[in-house]
Number of protein chains: 2
Amino acid sequence: MLLTPRHELDLRIGRLQAALRDLGLDGALLHSTTSLLYFTGSAQQGHLWVPANGEPRYLVRRVLERARRECALPGIEPLTTLRALPDHLGGARRIGMELDRLPVAQFEVYRRHLPGVDAADVGPVLRRLRSVKSPWEVERIRAAARAADETYRALFAALREGMTELELSVVGEGAQRLAGAQGMIRWHAHNAFESPAMMVLAGETALAFSFADTPFGGEGLTPAAPYGASRRPIRRDEPVCVDFPTVVDGYVHDQTRTMVIGKLPRQLVEAHDTARQILDMVAREARPGATGQQLWERSVDIARRAGLEEHFMGAGNSRVRFVGHGVGLELDEWPILAPKQTTPLEAGNVIAVEPKFFFPGVGAVGLESTFLVTPDGAERLSITPEELGVKDA
Amino acid sequence: MLLTPRHELDLRIGRLQAALRDLGLDGALLHSTTSLLYFTGSAQQGHLWVPANGEPRYLVRRVLERARRECALPGIEPLTTLRALPDHLGGARRIGMELDRLPVAQFEVYRRHLPGVDAADVGPVLRRLRSVKSPWEVERIRAAARAADETYRALFAALREGMTELELSVVGEGAQRLAGAQGMIRWHAHNAFESPAMMVLAGETALAFSFADTPFGGEGLTPAAPYGASRRPIRRDEPVCVDFPTVVDGYVHDQTRTMVIGKLPRQLVEAHDTARQILDMVAREARPGATGQQLWERSVDIARRAGLEEHFMGAGNSRVRFVGHGVGLELDEWPILAPKQTTPLEAGNVIAVEPKFFFPGVGAVGLESTFLVTPDGAERLSITPEELGVKDA
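A quick note: this is a predicted structure, and the numbers were derived from the prediction, not measured. (Residues numbered from 1 in each chain as written. Chains lettered and ligands numbered in written order. Predicted model: local features only at pLDDT ≥ 70, side-chain atom pairs only at ≥ 80, totals over all residues. Heavy atoms only, no water.)

With that settled, the discussion passes to the domain arrangement of chain A. By a frequent convention, interface size equals the accessible area lost on bringing the separate parts together. Residue and element names in this part refer to chain A. Segmenting chain A into domains produces domain 1 (6-130) and domain 2 (135-391). Computed over C-alpha atoms, the centres of domain 1 and domain 2 are 34 Å apart. The interface of domain 1 with domain 2 comprises 12 residues on the first partner and 11 residues on the second. Here domain 1 and domain 2 share an interface that buries about 1,200 Å² over both sides, 48% of which is from carbon and sulfur atoms. In this structure, the connection of domain 1 to domain 2 is made through four salt bridges. Across the salt bridge formed by Arg 101 and Glu 330, the nearest N and O atoms sit 2.9 Å from each other. Taken together, the links from domain 1 to domain 2 amount to seven residue pairs in polar contact (both at pLDDT 80 or more). Mapped by element, the contributors of at least two residues to the side of domain 1 that touches domain 2 are helix H1 (6-22), helix H2 (33-40) and helix H5 (123-130). When grouped by side-chain class, the residues that make up the side of domain 1 that touches domain 2 number three nonpolar, two polar and seven charged. (Domains from an automatic or database assignment. Contact = heavy atoms within 4.5 Å. Buried area = accessible area lost by both parts, 1.4 Å probe. Salt bridge = Lys/Arg side-chain N within 4 Å of Asp/Glu carboxyl O. Polar contact = N/O pair within 3.5 Å; in protein donor to acceptor, adjacent residues only side chain to side chain. Helix = DSSP H or I, 4+ residues; strand = E, 2+ residues; numbered from the N terminus. Nonpolar A, V, L, I, M, F, W, Y, C, P; charged D, E, K, R; others polar.)

What UniProt calls "domain: Creatinase N-terminal" (unreviewed entry) maps, in this numbering, to residues 12-132 of chain A. Segment residues 12-132 of chain A splits into 36% helix and 23% strand. End C-alpha atoms: 10 Å apart. (UniProt positions renumbered as here; feature names shortened; annotations may be inferred.)

To continue, consider the environment of A:Glu285. Residues and elements named next belong to chain A. With respect to the helices, strands and loops of the structure, Glu 285 is situated in helix H8 (residues 266-285). Separated by 204 residues in sequence, Glu 285 and Thr 81 place their C-alpha atoms 51 Å apart. What Glu 285 contacts, discounting residues up to four positions off in sequence, is Ala 290, Leu 295 and Arg 298.

We now examine the packing of aromatic side chains. Residue and element names in this part refer to chain B. Taken as a whole and assessed by the stated rule, the structure comprises 16 aromatic pairs over all chains. Taking the centre distance of 6.5 Å and the plane angle of 80 degrees together, the rings of Trp 136 and Tyr 251 count as edge-to-face. With Trp 136 in helix H6 (residues 135-158) and Tyr 251 in strand E10 (residues 251-253), this residue pair connects regions lying 115 residues apart in the sequence. Accessibility classification places Trp 136 together with Tyr 251 in one group, the buried group. Aromatic pair Phe 216 and Phe 358: ring centres 5.7 Å apart, planes at 75 degrees, arrangement edge-to-face. (Phe/Tyr/Trp six-rings, centres within 6.5 Å; stacked < 30°, edge-to-face > 60°. Buried < 20%, exposed > 50% of the residue type's maximum accessible area, 1.4 Å probe, protein only.)

Contact residues are listed per partner, giving 70 residues for chain B and 69 residues for chain A. Around 5,600 Å² of area is buried between chain B and chain A when both sides are counted, 51% of it from carbon and sulfur atoms. Its largest share of buried area at the contact with chain A, chain B owes to B:Arg62, B:Arg177 and B:Pro223, together 13% of the area lost on that side. One can count 38 residue pairs in polar contact (both at pLDDT 80 or more) joining chain B with chain A. Secondary structure elements with two or more residues in the side of chain B that touches chain A: helix H2 (33-40), strand E3 (57-62), helix H3 (64-70), helix H4 (104-113) and helix H7 (165-178) of chain B. Broken down by element, the side of chain B that touches chain A gets its largest block of residues, eight residues, from H7(B). A per-class count over the side of chain B that touches chain A returns 31 nonpolar, 21 polar and 18 charged.

Across a regular strand the side chains alternate sides, sitting on one face of the sheet and then on the other. Residue and element names in this part refer to chain A. Buried residues dominate strand E2 (residues 45-51), accounting for seven of its seven residues. Both faces of E2 are covered, namely the face carrying Gln 45, His 47, Trp 49 and Pro 51 and the face carrying Gly 46, Leu 48 and Val 50. Here strand E1 (residues 27-30) pairs with E2 via four bridges, running antiparallel. Within E2, the position partnered with Gly 27 by the bridge is Pro 51. In terms of strand pairing, E2 meets strand E3 (residues 57-62) through five bridges, oriented antiparallel. In the strand pairing of E3, Gly 46 is matched with Val 60. Where E2 folds back onto E3 in an antiparallel hairpin, the turn is made up of five residues, including Gly 54, whose phi is positive at roughly 110 degrees. (Pairing = 2+ DSSP bridges.)

All names here are of chain B. Mapped onto the secondary structure, Thr 246 falls in strand E9 (residues 246-248). Looking at Thr 246, its side chain comes within polar contact range of the main-chain oxygen of Phe 244, at 3.1 Å. Contacts of Thr 246, omitting those with residues within four sequence positions, involve Ala 144, Ala 147, Ala 148, Gln 176, Ala 181, Tyr 251, Val 252 and His 253.

If you want it as structure tokens, here you go:
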């Protein structure tokens, strides 16, 4: 089983400590699974106390032995009651907590156990730190890209007329797991952001928009999980979109491809080419200093010049206003390629770019590949060719 | 697609309004997917405003048209900015919110938009209301029980020596989806409570405890998702436990069965019989007025009389102190069969009871079935026989 190396954890903790000192905080008390994984390499339940200076302590509620096997850091101790928490904080008065995740009622419990301690929200700081990937992290996303490619091959091989979206989805879900996918996806956003690891959307079901702020929703099987595959049969000569975040060893790779049995209408083929042009533009222009807003505007320009602006990224009032998002331990990381995103990109950002075009009554076509921002432009981490997957009818 | 009928929603909202009046609240502003589903039948993103008296309003951010198709209530309106929220609250001063779920940082945003409004936590009230199921809800859980039975049959049919836990898990995950499972499970607990829909644990991997407060963890594929199936091959003459919450149309049915290729050691067979005796006890004794604590104590008694107390519900310091939990729209509902649970059960509670016995170095055996509490005792909603699944080697 792959463990996160000690030097990787030390690097991450060092960057957090520098940020804490900049903010004038005495330390950070982290609790989310994502943060525990990022800074300790283990998801075992508990808290990580990172003082602004000195050694961090991983205070484990459950399971201590497993945390000790999984985490390369020293300083792993049991903590089974919050009453003992103050003993570990070394008199800190101003601490960072993940207030963008922690429920109000649970925060009140911490306040009772930490009288006189002020808490500031370090959620955005953590998201900024995680948005720049180390070479080790990039290797993880490359591994997920290979698993995604295996998954796509299995989907393309299984595609046949008359099978349902659900049947094809099950093939893809199985292939993805056997290729090493961990079987769950983490989001940062609270609530209303759930998604299956596999979206199979045939023809007009790609226009069944739903609650998450994503271009694809899907009919799903029930209003209780209103997304992903339905029991609609797949027909010839219609686009079949597959969008499947693939998570291996914690790290998300995101990919969309469009397939067809037979042949697509000319306008959809042109839209697919336009999606590819947008990815090529990103490959050239997504480099340090460019902004998410610029890349969004350039994408809209390309869609407009192709006469496809009204089909871009949704339809009606269900259009989304972004064309890409960071990926890492979570599916919705920074940076975002969207209006008002004026923070310059940095080398080491990893972004999933997903230009998609929607045609009411017909379906959608699009692509999504995952890129690494480098000084020379964006390198594709995705390895599946960005081609329409055409199968004989 | 199955929609929640209007009379069902009216009943639920009526019960909530009575509770709000008892608490002296002017209304409740609900935002979680679970609450939206429970009171509107739709998961589309937004808020539900339930005044203590009068008609509720479903204020939809995304997707309005879909919410209108899925929700049988009138009063569905768009709300795309929180700035417009006060217009809908009719001058309410004391409102209930889901403070057991809402992150601190997001709560601050509401406070800015609702000056002069006090918020109280109605999370526990909502959990109490949802703990008593209507006949319509019980039918949903029966449907999920049928899908679980199909899933178990597929698992038993596919089981063979030398296949990995992961390979068997993939068979089960696929069968579960094709039987109608929605592909995701909702938890109430914040963080560190994730789980796959399918746990396959062979031999000693059943003793790989992990971060969630559940008896089964599993090795999983990575510390980043430390649960569920691993790549360990399944051998003859060892217990193979399958634990698979099956969620159909929003409702969870929870089930565990134990299988073996060949033959189990005598002590494990006896432990399996003891697990069945505990389920039989629950069937007789879980009725209105009994408490979760009593049923926990009776379960421990049965384990003790069989000489198995030290094997019950875990091992070492990873033992859990409960033997059952409510299920419904979430996997971790009320009531809980555990120490200190002194609230009497009510007719309409639905509980998953999961006696499990752990043998270090060997493996675990156990059962889990889902029951409906009635005045005459608990009715099994699970239909798969509570037998050891024995396959010829």
